[in-house]
Amino acid sequence: MQLTSTGQKTVRIIGGLAVIAAIGFGLKYAASHGYGRQIMRAIVPEKVSGLDAGSDIGNGFATGSGTVAFAGLPSDRPADLPGAPEVRINFWAWNSQMGCLYSNGGPVTTEGSLMAKQGIKVRIDRQDDNTQLMAQLTALAKGLHDGQAQPREGIHFIGIMGDGSGAFLAALNKQLIDSFGEDYRAEIVGSCGYSRGEDKLMGPQKWRDNPQSMRGAVVAGVLRDGDWNIAQRFMGDNGIPNNPDETTYDPNAVNWVNTSSYVEAAEKYVANYCEDRRVVENGKATGQTRRVCVDGIVTWTPADVTAAKGRGGIVSIVSTKEYTSQMPHVIIGIHKWNQQNRQTVEKMLTAFLQGGDQVLHHPQALTRAAQISQQIYNESGADAAYWEKYYRGVTEPDKTGVPVDLGGSKANNLADNLVLFGLAPGTTPETSRFRATYTVFGNIVSQQYPDLVPSVPPIDQILDVSYLQAVAQRAGGAQTAAAAAETNTYTGSGNVSRVVGRRNVSITFETGSATFTPEAEQQLQQLFDELSINSLAVEIHGHTDNVGNPDANQQLSEDRALAVKQWLEQRSASTFPQGRIRIFAHGPTQPIESNRTAEGRAANRRVEIVIGTNS
C-alpha cells in the first residue's frame, strides 16, 4: 500500500517524535554506559597552585541607576481576561525565575498582575525533566505544522540554564528541523535571571583547599547539565582530568555518577551511595575492580539544602557566586509560533522583565514572589519563607555544624537582558556574556561527548533578540533602558586573596616584542570567552625565558601582560571594567621548565592567568 502525502508526513512526524524520545533514552543510556575517554578542555594548565583561604568579598555588583516605582502587589484571584492570548510555560524549580513568577501573580495570571496589565493569560507549571520539556515543545511544533494557529497540545515556552542550552538545543533542533522544517526550530528570546551561588559543586573542604585532591573523586549529578558545567569549569581552571565514562573509575580523574535530576544527586549523597567500578588508568582497563562512593555533588536549591541538612560534611567548592555570568536563565520557544505571535511574545517579556525590576527594588515584591514559588513548585517542606531565604542566599550550619553557603539567585530586568545579549551601549552580540557562555560550554560538552553531542547549533540559529529590542524601544531605547543594569565593582588591588583558578595560556608574540602574532587573535578570543563567564578579578602575569638582557626581559614581560590587558578591555569595557585586570611582570625569574632546551625556553615565554576574589 502506498501512503498519501499526508500519511507520509504523519509517518515522518511520528518518527521525529520517536527520535526525540530516543534521544532522551539515548542520553540516559549514554549516561549509564559512557561515551569517549577524552580528557576535557582544550587548555590544560601546566602548573596548578592550591587555593588559599581568603575572603570572598571584594568583587561585587551594584544595582543599576534609576528609580523603579512600586507597581502594587498582584492579587491571588485568577484574572478574567476574555479573548486574551494564552501562553503555557514549564519552568524548573529555580529561584532565578523569581521576577517572571512575580509578574504572573500565581500559577495562572491573577488580577492586578503585570501580566494581566499586558492582557496576556499565562499558565506556569513546574517540570524538572529535560526530556519532557523537549517533548512538550515538540508537541507545540507539531500542532503548528498540522495547521493549528494556536495548538491545544504542548507548551509555548520553557526555562533552562543558558550554559546548558547548547546541548539541549543541539538534540531538540535537529529533530524539529528534520521533522517539520527550519521554521519550527526552538530559539531563545530572553532571560528571567541569573544563578548567583545556588548552583554549585559541593565536596569535602580539602577540594577547596587543594583542588588537586579532587583526583579520584566520585561526584553525583546530571551529566552535561549546567551544574556539571560548573565542575568542568573548575576542573579546567585547575588542570584536573575528567572521566566521561560513568561506568569506570579513574584514580587520576574526577568520576561521575549520573542522576536523573539535581534532587537525586543530593539523595545519593545523603544515602552514601556506593557501587563497584572497573578501574582504568590512561584510558586502559587495569583489570581491577574498586568499590566507590559519592564524595560530592553538583546541584542547586533545594537539593543543596537537602545535602547539607540531610548529611552534611560537604561545602561549596565553587559556585555561580564566583562564576557569576556563567549561568543565565534562558526562555526558549518555537520560532514559528513566536513570529506569528510577535505582539504576545513582546508583551510577555515586558511583564516578565518588569517583574524582575519589582523583585530587585521592592522587598514586598520578593516576598510575594516567594509565595508564588511555593504555589508553583510545591516542593515538600518548602514554604514561602524558604524560597525567599534561599533566593537571597545564606550561610548556615549543616548537619555536622560546618557552615556552608546555600542558595543565591538574582532576577533580571530589561537592562540586564540588554547587557546579557550584547544590546546595551558599549556591548555587542559578538562580545556578549551569553555568546561567551554558550560557546565555552558548547565546546566542552562536544569535547567530552563527541559522539553524543558532536556540535551545538550556531548562535544566530538559536537566538532571536528582536523581541527584546522591541521591548527596549518602547521603554525609551536601549541607551535609556540599559542604565538600570547591574554593574561590576572591583574594590581590591594587588594580588587576589582567594585563587579560584590558575593556568598558563599560550598567546604568541612577535620575537622580542609585545606585538601579537596573527595566531594570537584566536588565542585571545578564547581567553576572552573564558573570562567573560565570570566576574572574578583577573591577574595577568608576564614571563620570559632567560635569553637576552634581564632588565629588557623584565620590561618585555610587563609590556606583553599590558598588551593582553588592553586587548581584553578594548574588546568589552563592560566585561572588563577598570580595576578588574591587574598585571604583573616577572621577566625570567619564574621558569617552569629548563632554559637549557628550546622546548623549555618556549614554555617559559608565557602569560599566566590567575582568577580569584580579593578583600
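Look up a bit, the structure's there.
Residues numbered from 1 in each chain as written. Predicted model: local features only at pLDDT ≥ 70, side-chain atom pairs only at ≥ 80, totals over all residues. Heavy atoms only, no water.

**Quick notes on the sheet that holds strand 5 (residues 186-190)**
Convention followed: Between any two strands, at least two bridges found by DSSP are needed for them to pair. Working definition: helices are DSSP H or I runs of at least four residues, strands are E runs of at least two. Numbering for both runs from the N terminus. Fitting a line to C-alpha atoms yields each axis, with helices limited to the stretch in contact; the angle taken between N-to-C directions then spans 0 to 180 degrees.
Taken in spatial order, the five strands make up an open sheet running 3-2-4-15-5, and their pairing is mixed. Edge positions in the sheet fall to strand 3 (121-126) and strand 5, since each of these pairs with one other strand and no more. Ignoring which end each strand starts from, the neighbouring axes of this sheet average 30° apart. Alignment of strand 2 (residues 86-91) against strand 4 (residues 157-161), held across three bridges, turns out to be parallel. In the sheet register, Asn90 faces strand 4, and the bridge partner there is Ile158.

**Quick notes on helix 18 (residues 520-532)**
Inclusion rule: Multiply 1.5 Å by the residue count of a helix minus one, and that product is the helix's expected span. Exposed residues in this analysis have more than 50% of their type's maximum accessible area, buried residues have under 20%, and partly exposed residues fall in between, with area computed by a 1.4 Å probe over protein chains only.
For helix 18, built from 13 residues, the straight-helix expectation of 18 Å at 1.5 Å per residue is met to within 8% by its first-to-last C-alpha distance of 18 Å. Those residues of helix 18 lying buried are Ala520, Leu524, Gln525, Leu527, Phe528, Asp529, Glu530, Leu531 and Ser532.

**Describing the pairing of strand 15 (residues 329-334)**
Counting buried residues along strand 15, six of its six residues qualify, which places the element largely inside the surrounding structure. Here strand 4 pairs with strand 15 via five bridges, running antiparallel. Within strand 15, the residue paired with Gly159 across the bridge is Ile331. Bridge count for strand 5 against strand 15 is four bridges, and the pairing is antiparallel. What sits directly across from Ile188, in strand 15, is Ile332.

**A word on the packing of aromatic side chains**
Using the following cut-off: Whether two aromatic rings pair depends on their centres lying within 6.5 Å, for rings of Phe, Tyr and Trp, where Trp uses its six-membered ring; planes under 30 degrees apart make the pair stacked, over 60 edge-to-face, and the rest tilted. Note on geometry: a ring has a charge over it if NZ (lysine) or CZ (arginine) is within 6 Å of the ring centre and within 35 degrees of the ring normal.
Overall, the coordinates contain 14 aromatic pairs when judged by the stated rule. An angle of 50° between the planes, with centres 6.0 Å apart, marks the rings of Trp228 and Tyr449 as tilted. On the criterion of sequence distance, the pair formed by Trp228 in helix 7 (residues 226-237) and Tyr449 in the loop between helix 15 (433-448) and helix 16 (466-474) is long-range, its members being 221 residues apart. Centre to centre, the rings of Tyr386 and Tyr390 are 4.8 Å apart; their planes meet at 65°, and the pair counts as edge-to-face. Residue Tyr386 and its partner Tyr390 are both found in helix 13 (residues 384-392); the two are separated by four residues, about one turn of the helix. Its guanidinium or amino end placed over the ring of Tyr273, Lys268 lies 4.6 Å from that ring's centre, counting from NZ or CZ.

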